[in-house]
Amino acid sequence: MAIYRYRCSECGAFDVARPIGTAEAAEPCPGCGRAAPRVFTPPLVRRTPAALARALDAGEASAGEPRVVRRDARPRPPAPSADPRRDRLPRP
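Note that this is a predicted model, so its numbers are computed, not measured. (Residues numbered from 1 in each chain as written. Predicted model: local features only at pLDDT ≥ 70, side-chain atom pairs only at ≥ 80, totals over all residues. Heavy atoms only, no water.)

(A) Looking closely at the overall build of the protein chain. When its secondary structure is counted, the protein chain shows 1 helix and 4 strands. Here the C-alpha radius of gyration of the protein chain, 31 Å, is well above what a compact globule of 92 residues would show, namely 12 Å. Principal axes of the C-alpha set define a box for the protein chain whose edges measure 85 × 40 × 15 Å. Per-residue burial for the protein chain yields a buried fraction of 10% across its 92 residues. Within the protein chain, counting contacts between residues at least 6 apart in sequence, those at least 24 apart form 19% of the total. Accessible surface, the protein chain: about 8,700 Å² in total, of which carbon and sulfur atoms supply 55%. (Helix = DSSP H or I, 4+ residues; strand = E, 2+ residues; numbered from the N terminus. Rg over C-alpha atoms; globule rule 2.2 N^0.38 Å. Buried < 20%, exposed > 50% of the residue type's maximum accessible area, 1.4 Å probe, protein only. Contact = heavy atoms within 4.5 Å. Areas by Shrake-Rupley, 256 points an atom, 1.4 Å probe, with all protein chains shown as cover.)

(B) Quick look at the pattern of salt bridges. Evaluated as defined, the whole model comprises 4 salt bridges. Two residues, Glu27 and Arg18, come together in a salt bridge whose shortest N-O distance is 3.0 Å. Given the relative accessible area of 10%, Glu27 is considered buried. Exposure remark for Arg18: the relative accessible area of 27% places this residue in the partly exposed category. Here Asp83 ties to Arg85 by a salt bridge, and the two come within 3.0 Å at their closest N and O atoms. By relative accessible area, which is 59% here, Arg85 ends up exposed. (Salt bridge = Lys/Arg side-chain N within 4 Å of Asp/Glu carboxyl O.)

(C) View of the nonpolar core. By size, the foremost hydrophobic cluster in this structure holds 8 residues: Ala2, Tyr4, Tyr6, Cys8, Phe14, Val16, Cys29 and Ala36. Looking at this core, the elements with two or more residues in it are strand 1 (2-8) and strand 2 (12-18). Beyond its immediate stretch of four places on either side in the chain, Phe14 contacts Tyr4, Arg5, Tyr6, Cys8, Glu27, Pro28, Cys29, Pro30 and Ala36. (Core = buried A, V, L, I, M, F, W, Y, C linked by side-chain atoms within 4.5 Å.)

(D) Quick peek at the pairing of strand 4 (residues 35-39). Direction of pairing for strand 1 relative to strand 4: antiparallel, over a ladder of 2 bridges. Within strand 4, the residue paired with Tyr6 across the bridge is Arg38. Pairing geometry for strand 3 (residues 26-28) and strand 4, over 3 bridges, is antiparallel. By the bridge assignment, Glu27 is partnered in strand 4 with Ala36. Between the antiparallel neighbours strand 3 and strand 4 lie 6 residues, among them Gly33 with a positive phi of about 85°. (Pairing = 2+ DSSP bridges.)

(E) Focus on the state of the cysteines. Counting across every chain of the model gives 0 disulfides. Take Cys8: it sits in no disulfide, and the sulfur closest to it among the cysteines is that of Cys32, at 3.6 Å. A relative accessible area of 3% places Cys8 in the buried class. Cysteine Cys11 shares no disulfide, and the gap to the nearest cysteine sulfur, in Cys29, comes to 3.7 Å. (Disulfide = S-S within 2.5 Å.)

In structure tokens:
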């Protein structure tokens with residue numbers, strides 16, 4: 001079964017389920033009974049959002065050849081505190 005879309009000029013779009021290849025050029029509108037022409041639409045094709053496509057591509061790329069990340073092994077000094085009371089606390 002396939003779902004075919006038709007558009008009535010008065011009531012708007014509606015869908016009709018028919019066996020594949022048996023769609024008519026026009027169907028009667030279920031609301032008003034007028035002949036509604038068939039609207040050609042892509043068959044359940046959706047476009048992947050760009051951000052999701054980039055994330056999927058990055059995941060596939062890192063599975064076989066992960067990027068090498070180099071970091072400095074030295075610990076960073078603590079950021080200076082804006083609160084002067086913290087200056088009197090013992091240092092780690």
